[in-house]
Amino acid sequence: MADVQRRKPGETREKLMTAALTLVGKGRHFASIGIREVTRQAGVVPTSFYRHFRSVDDLGLQLVDELGLVLRRMMREARANVLQADKLIEESVGIFVAHALANRNFFMFMAQGLAGESRAVQEGIRSEMRFFASELANDLRRLKLLEHLSDSDLDMTCDLVVRTVAFSLTDILSISPEDDYQIGQVRKRTTRFLQLVLIGAGHWKSG
């Protein structure tokens, strides 16, 4: 009796998600990717797509969930390594840049999704950013930083920090991962941006 190779549960789903990210990494915009293109890249038949996803938008939302896991790993690493308040910005930016380079396709998907045509994917990514900002606010409270700010102004500051870092993705993703000099320049520039934000917040009077 001939052996019949069966795919493990979830294997095809993972292949489809990886295929979509691979296409994004090759320069395709997620909003323009079709089901046949994804299945061709994944090496599966088009009908198998609908066993796992209702549409390309649904696939995008699943990728947003995976992106959230990447962001949470990044957050855990920052919490474990950034122990001194004076090193908070520089080391956090370094961790962010390292994760963006290591998960290039995911972060390219994030950058595209923020200005993409899919409202569902865009809102999913913005929801992850809001969560990230709220966790940053909790960390600043824990470190007893910017204690003079009202809760709403602290939330606004953290939202601005997250937006600034997200915008820096366009710089990071346009650089070759081997170009250490340019990567260093982006790290320095992003760190300076955030220092200016937090210095401004330090002099802000909540009213």
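Residues numbered from 1 in each chain as written. Predicted model: local features only at pLDDT ≥ 70, side-chain atom pairs only at ≥ 80, totals over all residues. Heavy atoms only, no water.

Chemist: Tell me about the overall build of the protein chain, residues and numbers included.
Modeler: Within the protein chain one finds nine helices and zero strands. When the elements of the protein chain are put in sequence order from the N terminus, they spell out α-α-α-α-α-α-α-α-α. Each of the three principal axes of the protein chain carries a C-alpha extent, and together these read 75 × 35 × 35 Å. A burial count over the protein chain gives 43% of its 207 residues as buried. Considering only contacts within the protein chain whose residues lie at least 6 apart along the sequence, 65% involve residues at least 24 apart. (Helix = DSSP H or I, 4+ residues; strand = E, 2+ residues; numbered from the N terminus. Buried < 20%, exposed > 50% of the residue type's maximum accessible area, 1.4 Å probe, protein only. Contact = heavy atoms within 4.5 Å.)

Chemist: An account of the side chain of Glu 135 is requested, with residue identities and associated values reported.
Modeler: Tracing the chain through its elements places Glu 135 in helix α6 (residues 119-142). On the accessibility criterion, Glu 135 (17% relative accessible area) is buried. Not counting chain neighbours up to four residues away, the residues in contact with Glu 135 comprise Met 75 and Arg 79.

Chemist: Which residues make up empty space enclosed by the protein, and what values go with them?
Modeler: Per the stated rule, a full pass over the model turns up one cavity of 30 Å³ or more. Taken together, 26 residues form the lining of the largest cavity, with Ala 78, Ser 92, Phe 132, Leu 136 and Val 161 sitting closest to its centre. Going through the elements one at a time, α3 (56-81), α4 (88-102), α6, α7 (151-167) and α9 (180-202) are the ones with two or more residues in the lining of the largest cavity. Top contributing element to the lining of the largest cavity by residue count: α6, with seven residues. For the lining of the largest cavity, a count of residues per class yields 21 nonpolar, one polar and four charged. (1 Å grid on protein atoms, 1.4 Å probe; cavity = no way out; pocket = protein on both sides within 12 Å on 5 of 7 lines; lining within 4 Å. Points joined across faces, edges and corners; volume = space filled by probe spheres on them. Nonpolar A, V, L, I, M, F, W, Y, C, P; charged D, E, K, R; others polar.)

Chemist: Explain the environment of Ile 89 to me, and be specific about the residues and the numbers.
Modeler: Locating Ile 89 in the fold gives a position in helix α4. By relative accessible area, which is 16% here, Ile 89 ends up buried. Between the alpha carbons of Ile 89 and Gln 195 there is a distance of 7.2 Å; along the sequence they are 106 residues apart. Ile 89 has contacts with Thr 191, Leu 194, Gln 195 and Leu 198, leaving out every residue within four places of it along the chain.

Chemist: Can you tell me about the nonpolar core, naming the residues and giving the values?
Modeler: Counting 61 residues, the largest nonpolar core has Phe 30, Leu 63, Phe 107, Phe 109 and Ile 125 as the members making the most contacts within it. Discounting residues that sit within four places of it in the chain, Phe 30 has contacts with Ala 20, Val 24, Val 56, Gly 60, Leu 63, Phe 109, Gln 112 and Val 121. (Core = buried A, V, L, I, M, F, W, Y, C linked by side-chain atoms within 4.5 Å.)

Chemist: Tell me what's going on with α7, and back it up with residues and numbers.
Modeler: With 17 residues, α7 extends 24 Å from end C-alpha to end C-alpha; this agrees with the ideal 24 Å at 1.5 Å per step. Within α7, burial applies to Asp 153, Leu 154, Thr 157, Cys 158, Val 161, Val 162, Thr 164, Val 165 and Ala 166. Summarising the contacts, the buried residues of α7 are in contact with α4, α5 (104-114), α6, α8 (169-172) and α9. (Expected span 1.5 Å × (residues − 1).)

Chemist: Please set out the pattern of salt bridges residue by residue, giving values where relevant.
Modeler: By the definition in use, this model includes ten salt bridges. The partner of Asp 151 in a salt bridge is Arg 141, with the nearest N and O atoms 3.4 Å apart. Highlighted residues: Asp 151 in helix α7 and Arg 141 in helix α6, separated in sequence by ten residues. Given the relative accessible area of 52%, Asp 151 is considered exposed. Note on Arg 141: relative accessible area 35%, which makes it partly exposed. Salt bridges sharing common partners tie together Arg 141, Asp 151 and Asp 155. (Salt bridge = Lys/Arg side-chain N within 4 Å of Asp/Glu carboxyl O.)

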